[in-house]
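Tertiary structure, described
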Amino acid sequence: MHYPLPKYVVAFVVGIISTHYFNLPFKYSLLLIITLLLFAVIFHFTKQKKPITLLLLMMVVFGGMLYSSFRNESQVVYPFAETKISNTIIYGEIKEITLIHSDKFKIILHSDSVRINDSTITLENNFQCNISFTSKKGTLQLYNLLKIGNKLKVTGVLRKGRGKRNPGEFDYYKYLQSIEVAGIVYIKKMKDVTIVEPSINHFRNTIFEARKWVAKRLETSHNKRTASLLKGLLLADRSEIDYRTKESFINSGVIHVLAVSGLHVGFIVLIFIFLTSRISIYPRTILTVIGLTAFLLLTGSPASVFRATIMVVVVLIIYLSNRTYNSVNGLSIAALILLLIDPSEIFNPGFQLSFSAVLSILIVYPILSEKITTKKRVLRYLLLFSAVSFSAQLGTLPFTLIYFQKLSIISLFANLLVIPIIGIIVGLGVLTIFVSTFSTLFSLFFASANMLFTDILMGIVDITGTQQFSYFYIPNFSLIDGFIFYLFLIIIIYSVKQFSNTYSLVLLLFLIGLNLFFFLQLDNKELLPDGKFSIVMIDIGQGDGILLKFPNGETALVDAGNATPTFDNGERIIAPLLRRLSIKQIDYGFISHVDSDHYKGFLSLIKNGWIKKIYKPRIDTTLKKDIRLEEVINENDVKLKYYSKSKMMFGNVAFYTLNDTTNSRYKSFSANNKSGVYKIVHGNNSFLFVGDAEYPAEKTLVKTYGEFLDSDILKVGHHGSKSSSSQLFINAVTPDVGIISAGLDNGFGHPVKLILDRFQINNVELYRTDIEGAIILQSDGESVKKVNWREF
């Protein structure tokens, strides 16, 4: 039977994607569609069918472009020049409320007006309000008071979402745009939220109250770890699953089980089929559809659940009507509906992973299942299950590499264990919720069993996700690589179908594999090439973090930013950057001084084996943090050296440490003035790094080294504070370029105007992380150039 829909949906997708790269004006798109339609009519009357099909496909492509352009005209953007505005007052209506966790919750407020600096403007936009009070009781009280549809007046700090600030970093601002949110408002006080009008959107609020009720039941019956997991599986709320647990799931190749999708919809269908097994087919189907719809609403209607629900409903309707069902056609219908609702869904990672997985299963799995001929039932089931898992992973591989840069080696084995356990956990979770409505005590029996299975699941994921052989990194996998991969996958599928001789097929697949490997290398660009000296001033917010790569391939990290209980720069910014740059380990770590914004990010890097050797100031036994730092260094068998006047060679790069620890004045310095100071010379180019050194240290350096301080590039001291960068010091260094590491909209006002003016008077060009994000400089020994990393 012929199913034309898939090719037209593909054409529609091509049109949407084309709009992303070049925008054809509306009138030209419309003119092209009309022209193609006229040609199609002419060919129809002349009875030429083949050109008509081509013309219709072209019309759908331009139709996709036209529709996408029309929908994107109202793309949400941050509406103000300042990226941080205090005391912003917004009037609007609550559109969405998230579940509360860690005494924090968020609301999406659709504004009608915004008041800034005594000026009120009419503005219709969505703003994400992050609510967290000092009083936990106050936060909970407001959470229980607010209803979707309430009209509010809120006062807080308005900020633009963080964009892509470092190579390979997640662009949170673009994510906010994709969910139509213009900015974020941080609210810290109960008095800053006022209900102006207690109107309620009853439908949406009922869904929210149901989500709250389910979350409360899960929290009451289970421990925190199990409740957090079940919220992710049943409510699509993964906010309480910690970063390291998610990383373990990624490393194991089973992260897909945490994203509510077709797998979970399948579990729900099985539960309803089991519960309604004694009912006739029509009521059973209606109840299953109602149950799926309830699950869809309860999860917040993510694309993956919507897609799976549409497919299941289509299957059930066709089954009842005794018509033939084509899975690819059903998948196409689901995709078309989603894209008509929101064309930008095509760029959503969840959409891409979900549809590529299912499409690959539909195409690849039948081929693999034909090759499984064993008669042993258990072995056959295991192999068939592995074939499904392999098919899904094969289809999603390009997107997995683009978004996670990791290829899990152990995923097939992990999925064999994890997916059945997830099914049990989902079933027990639903049963616990249902039973708890009648008997809290009786529901605890099922909850206890679920906590046991959760412990088993987490144990498996922890073991499989923390082994060195579990996965390896494949950075820089591009969209072009993805296109090449799918092209070769189509060739392989065609070859498998055409060749009956096993040896010929194996030889052909080997040759195809070699060609694939070769073609995937064609667009590779190395951001930090060998043979050059590269400096990456990482944007780690308010602090320092500077990566050095020497021409001989050795690496160093000068400081690593701060780490707090909620955000660790070492774990969340630096480690992913190192993976993105294919750096397996840092040879030398330099801690300029033991201030939290310079050293704390090193702790997680040291614990996770990233650092071979550490250089730091001599221990200050009066500081507990310094004692603890050295304990961590020693516990992880990292070599430790203290600063002293020295010279090291990294190939043809000379690295001078200028701290004179024997100087009596040095011993009386503050922590900032004891900062490690380094001069690096590469051919004709020189660089000076001074940590947080202030006037006293600068004066001593000038007195001790004089003209030797002269350098082309200066890492400006103390983030551009007024206590550093004295005129005396600038006269000695005479830099051409100054680089400043400071947090965007930081609370210290760094860099201060006094220092910026001083460098301007001295004709020093300044590069700043608070303005530009990460800064990359490269030296070939003759000159230094600035690299635009956003082009890679």
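Below is a summary of the structure that appears in this document.

A look at the overall build of the protein
Helices and strands together make up the secondary structure of the protein, namely 26 helices and 24 strands. Taken against the 2.2 N^0.38 rule, which gives 28 Å for 792 residues, the C-alpha radius of gyration of the protein at 30 Å falls within 12% of a compact globule. With respect to the three principal axes, the spread of C-alpha positions in the protein is 95 × 70 × 60 Å. Across the 792 residues in the protein, those meeting the buried criterion constitute 49%. Long-range contacts, defined here as pairs at least 24 residues apart, represent 70% of the contacts in the protein between residues at least 6 apart. Of the side chains in the protein, 81 bear a positive and 59 a negative charge, and the two mean positions are spaced by 8 Å.

Here we look at the pairing of strand β12 (residues 555-558)
Looking along a regular strand, one sees the side chains alternate between the two faces of the sheet. Residues T555 and L557 point to one face of β12 and A556 and V558 to the other, with burial holding for every one of them. Bridging between strand β11 (residues 546-549) and β12 involves four bridges; their strand directions are antiparallel. Within β12, the position partnered with K549 by the bridge is T555. Both β12 and strand β13 (residues 588-590) contribute to a ladder of three bridges, which runs parallel. The residue bridging V558 from the neighbouring strand is F590, located in β13.

Overview of the sheet that holds strand β20 (residues 713-715)
Spatial strand order, β16-β17-β18-β19-β20-β21-β22: seven strands in an open sheet with mixed pairing. Strands at the two margins of the open sheet, each flanked by one partner only, are β16 (646-650) and β22 (765-768). Here the average twist between neighbouring strands, direction ignored, is 20°. In terms of strand pairing, strand β21 (residues 737-740) meets β22 through four bridges, oriented parallel. Across the sheet, I739 pairs through a bridge with Y767, a residue of β22.

Considering the nonpolar core
In terms of nonpolar packing, the biggest core is built from 89 residues, with I97, F105, I107, F249 and L457 touching the most fellow members. No other element matches the eight residues that helix α15 (residues 411-436) contributes to this core. Excluding its chain neighbours within four sequence positions, the residues that come into contact with I107 are I94, E96, I97, F127, Q128, C129, I131, L146 and L152. Of all hydrophobic cores here, the second largest spans 33 residues; its members include A575, V594, L605 and W610.

A closer look at the sheet that holds β12
With respect to topology, eight strands assemble into an open sheet ordered β15-β14-β13-β12-β11-β10-β23-β24, the strand pairing being mixed. The strands lining the two open edges of the sheet, one partner per strand, are β15 (639-642) and β24 (784-787). When strand polarity is set aside, the average angle formed by the axes of neighbouring strands in this sheet is 20°. Lying over the sheet, helix α21 (residues 624-635) contacts β14 (613-616) and β15, oriented at roughly 160° with respect to β14.

A word on the pattern of salt bridges
Counted under the stated rule, the structure contains 24 salt bridges. Put simply, E631 and R628 hold a salt bridge, and the shortest N to O gap is 3.1 Å. With E631 and R628 both in helix α21, this residue pair falls three residues apart, about one helical turn. For E631, a relative accessible area of 36% translates into the label partly exposed. Accessibility expressed as a relative area gives 38% for R628, which makes it partly exposed. Within the structure, one salt-bridge network assembled from shared partners comprises K147, E209 and K212.

Re the pairing of β15
With four bridges connecting them, β14 and β15 associate as parallel partners. When the sheet's bridge partners are listed, K616 is paired in β15 with Y642. Chirality of the crossover, the property in question, places the unit of β14, α21 and β15 among those that are right-handed.

What counts, and where the lines are drawn
- Residues numbered from 1 in each chain as written.
- Predicted model: local features only at pLDDT ≥ 70, side-chain atom pairs only at ≥ 80, totals over all residues.
- Heavy atoms only, no water.
- Helix = DSSP H or I, 4+ residues; strand = E, 2+ residues; numbered from the N terminus.
- Rg over C-alpha atoms; globule rule 2.2 N^0.38 Å.
- Buried < 20%, exposed > 50% of the residue type's maximum accessible area, 1.4 Å probe, protein only.
- Contact = heavy atoms within 4.5 Å.
- Lys, Arg positive; Asp, Glu negative; His and termini not counted.
- Charge placed at Lys NZ, Arg CZ, Asp CG, Glu CD.
- Pairing = 2+ DSSP bridges.
- Axes fitted to C-alpha atoms, helices over the stretch in contact; angles between N-to-C directions.
- Core = buried A, V, L, I, M, F, W, Y, C linked by side-chain atoms within 4.5 Å.
- Salt bridge = Lys/Arg side-chain N within 4 Å of Asp/Glu carboxyl O.
- Right-handed = clockwise from strand over helix to strand, strands pointing away.

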